[in-house]
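The chain contents come next:
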There are 2 protein chains.
Amino acid sequence: MKPLTVLKIGGKLVESESELNEVLQQFSKINHTKILVHGGGKMATEICERLGIPPKMVNGRRITDEKTLKVVTMVYAGWTNKLIVSQLQKIKTQAMGFSGADGNMILAKKRSVKEIDYGFAGDIQKVNVEGLNKWLLDGITPVFCAITHDGNGQLLNTNADTIATSLASALSSKYHVRLNFCFEKEGVLANTADDTSVFRMIQYDNFSKLQKQGIIKGGMIPKMENAFQALVAGVNEVKICGILGINSDKGTHFYL
Amino acid sequence: MKPLTVLKIGGKLVESESELNEVLQQFSKINHTKILVHGGGKMATEICERLGIPPKMVNGRRITDEKTLKVVTMVYAGWTNKLIVSQLQKIKTQAMGFSGADGNMILAKKRSVKEIDYGFAGDIQKVNVEGLNKWLLDGITPVFCAITHDGNGQLLNTNADTIATSLASALSSKYHVRLNFCFEKEGVLANTADDTSVFRMIQYDNFSKLQKQGIIKGGMIPKMENAFQALVAGVNEVKICGILGINSDKGTHFYL
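What you see as residue numbers is a count from 1 along each chain, following the sequence as written. Here the convention is simple: chains get letters from A, ligands get numbers from 1, in the order in which they are written. Local features in a predicted model are, by the rule used here, given only for residues with pLDDT of at least 70; side-chain atom pairs are given and counted only at 80 or more, and totals for whole chains, interfaces and linings are based on all residues. Values reported for side chains reflect all heavy atoms of the structure, with hydrogen atoms and water molecules removed beforehand.

Peer 1: I'm lost on the relation of the copies chain A and chain B in this one. Help?
Peer 2: Both copies of the chain are related by one operation, a rotation about an axis with a shift along it. A least-squares superposition brings the copies together, and it is based on the C-alpha atoms of residues with pLDDT no lower than 70 in both. If you rotate chain A by 180° and push it 0.0 Å along the axis, it lands on chain B with an RMSD of 0.0 Å. Such a turn and shift between the copies fits a two-fold axis. Closest to the rotation axis within chain A is the C-alpha of A:Gly78, separated from it by 1.7 Å. In this assembly, 100% of the residues forming the interface of chain A have copies in chain B that are likewise at the interface, indicating an isologous arrangement. Contact definition: two residues touch when any of their heavy atoms are within 4.5 Å.

Following this line, the structure appears as structure tokens:
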């Protein structure tokens, strides 16, 4: 099968223009079919604050009320997405921006209210694989922001790691898929105070052990859950890495 | 040749959700190839104000400084574009949002500084006709916002009427093109105080006469210049109309 790379970028990498440029340079050098998925960084939070919309977070996840949905759609699908697309066009990558609503690419469902009401948060139901593959075969490099829709006119805020996982999983029937979660560190660290303490690999067996030992915690847990989910769904290679890992073997590799 | 409708919507039609819904319902009923182009309404101005960015206007045109560019990109390409795409998906129109940067669809050039420095305002240089036509043939309904790029990483703010004119003109070699500028009135009014005083048709010969008489003024002049430009460029039918004119003969028709 032909190779496909799904690169998710987030955190500080989308907040600083110089880091973003470096990421996009590396991304453009991937000389096979590729998809970029980006988070929004802290710009949405800053704009919410400046507009007087108080941030609501529970367990590190944003609660998306109606006003917040407007802001995240503006920032993710508007500014960040178009900035990335225009920068990729500059370096001759035929990029095209997508939310899940565009071409009905990612259908999601508003998260049902149990203990917590996450507001307009979307859980992915279906990727339009055939539609997406048409663009890929045509030489388009899709750039996805973290906004989806429910098919009934409602936009939804969806975690960018989950979007990358869903796209990679859905395309694993057609491609040999490499999924890279790229952020400001060079991989999963054994010691968060030591940037060189990167795990070379993590097997599923060790995942719960590392959590119990308190070595893996916070936002890294859902990220790694996505990594293992992708492998279960048939994605061929999954790693968490930094910019240096985009075109090298560097980073933390995951295995079932 | 196969028919194609380019519908531009602006002003109050994109500001009120109920009017927007009515427009999109009418748009979805056009049962041949179609493109929607939308302005941003006053939301960008409101958000600029709330963020403390003072609006700068000269001759009814916005001066786009760096901060304003961020806001218009957020509002036009982010919120308004994705709202429209998700609403069209709801009524089973396979819509897809575009800025000029996406797929390099509209290349523009930063307006050169003569008497007035318009800032990051873009004058259109080239429409990617072949790329765009591929999506049209594939059943996609493109939804364009009023943001373009210069191919060198710079996003630019571009008048939505001009975008509609450029798209319609570029596609007139492949389709029988109908270009409709749709706004809150039912057409060009002979008397702005009387909504029923709609011109049935205006010929180019009468255009300068109507200006001299002060009957056509303000923002209507560049809109009508676009209308005649489109006819010169080969667009087959051009009119300015209201919602009722989208699927009827109503509105002001233009002829050379």
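Peer 1: I would appreciate a short explanation of the packing of helix H5 (residues 129-137) of chain B against helix H6 (residues 160-171) of chain B in the present structure.
Peer 2: When two helices pack together, you describe them by how their axes are tilted relative to each other and by the distance separating the axes. Residue and element names in this part refer to chain B. In this analysis an axis means a line fitted to C-alpha atoms, helices contributing only their contacting stretch, and an angle means the value between N-to-C directions, from 0 to 180 degrees. Elements are defined by DSSP. Helices are runs of H or I of four residues or more, strands are runs of E of two residues or more, and each kind is numbered from the N terminus. Between H5 and H6, whose axes approach to 10 Å, the crossing angle comes to 85°. When the axis of H5 is compared with that of H6, the two are roughly perpendicular. Facing Val-129, Leu-132 and Leu-136 of H5, the residues of H6 in contact are Leu-167, Ala-170 and Leu-171. Class assignment for the residues of the contact of H5 with H6 results in six nonpolar, no polar and no charged. Any angle that is under 35 degrees is reported as roughly parallel, and any over 145 degrees as roughly antiparallel; angles of 65 to 115 degrees are reported as roughly perpendicular and all others as oblique. Any residue outside Ala, Val, Leu, Ile, Met, Phe, Trp, Tyr, Cys, Pro, Asp, Glu, Lys and Arg is labelled polar, Gly included; the first ten of those are nonpolar and the last four are charged.

Peer 1: Any chance you could explain the environment of A:Leu210 here in plain terms?
Peer 2: Within the secondary structure, A:Leu210 sits in helix H7 (residues 204-212). Setting aside anything within four residues of it in sequence, one finds A:Leu210 in contact with A:Phe199, A:Ile202, A:Ile215 and A:Ile216.

Peer 1: I'm lost on the pattern of salt bridges in this one. Help?
Peer 2: Opposite charge on two side chains makes pairing possible when the charged atoms of those side chains draw close. Salt bridges are identified by distance alone: a Lys or Arg side-chain nitrogen within 4 Å of an Asp or Glu carboxyl oxygen. The full count for this structure, using the stated rule, is 22 salt bridges over all chains. A:Asp249 is the salt-bridge partner of A:Arg200, the closest N and O atoms lying 2.3 Å from each other. With A:Arg200 in the loop between strand S11 (176-182) and strand S12 (201-203) and A:Asp249 in the loop between strand S13 (237-241) and strand S14 (252-255), this pair connects stretches of sequence that are 49 residues apart. Between B:Arg111 and B:Asp123 there is a salt bridge; the shortest N-O distance is 2.9 Å.

Peer 1: Where do I start with the sheet that holds strand S8 (residues 141-144) of chain A in this structure?
Peer 2: Strand pairing in a sheet relies on backbone hydrogen bonds, with the paired strands running either antiparallel or parallel. All names here are of chain A. At least two bridges found by DSSP between two strands are what make those strands a pair. The mixed open sheet is built from eight strands, whose spatial order is S5-S8-S2-S1-S11-S13-S14-S12. In this open sheet, the two edge strands, each paired with only one partner strand, are strand S5 (95-98) and S12. Across the sheet, the mean angle from the axis of one strand to that of its neighbour is 20°, orientation sign disregarded. Bridge analysis of strand S1 (residues 3-9) against strand S2 (residues 33-38) gives six bridges, and the strand direction is parallel.

From the geometry alone we can't say anything about function, so treat these as descriptive.
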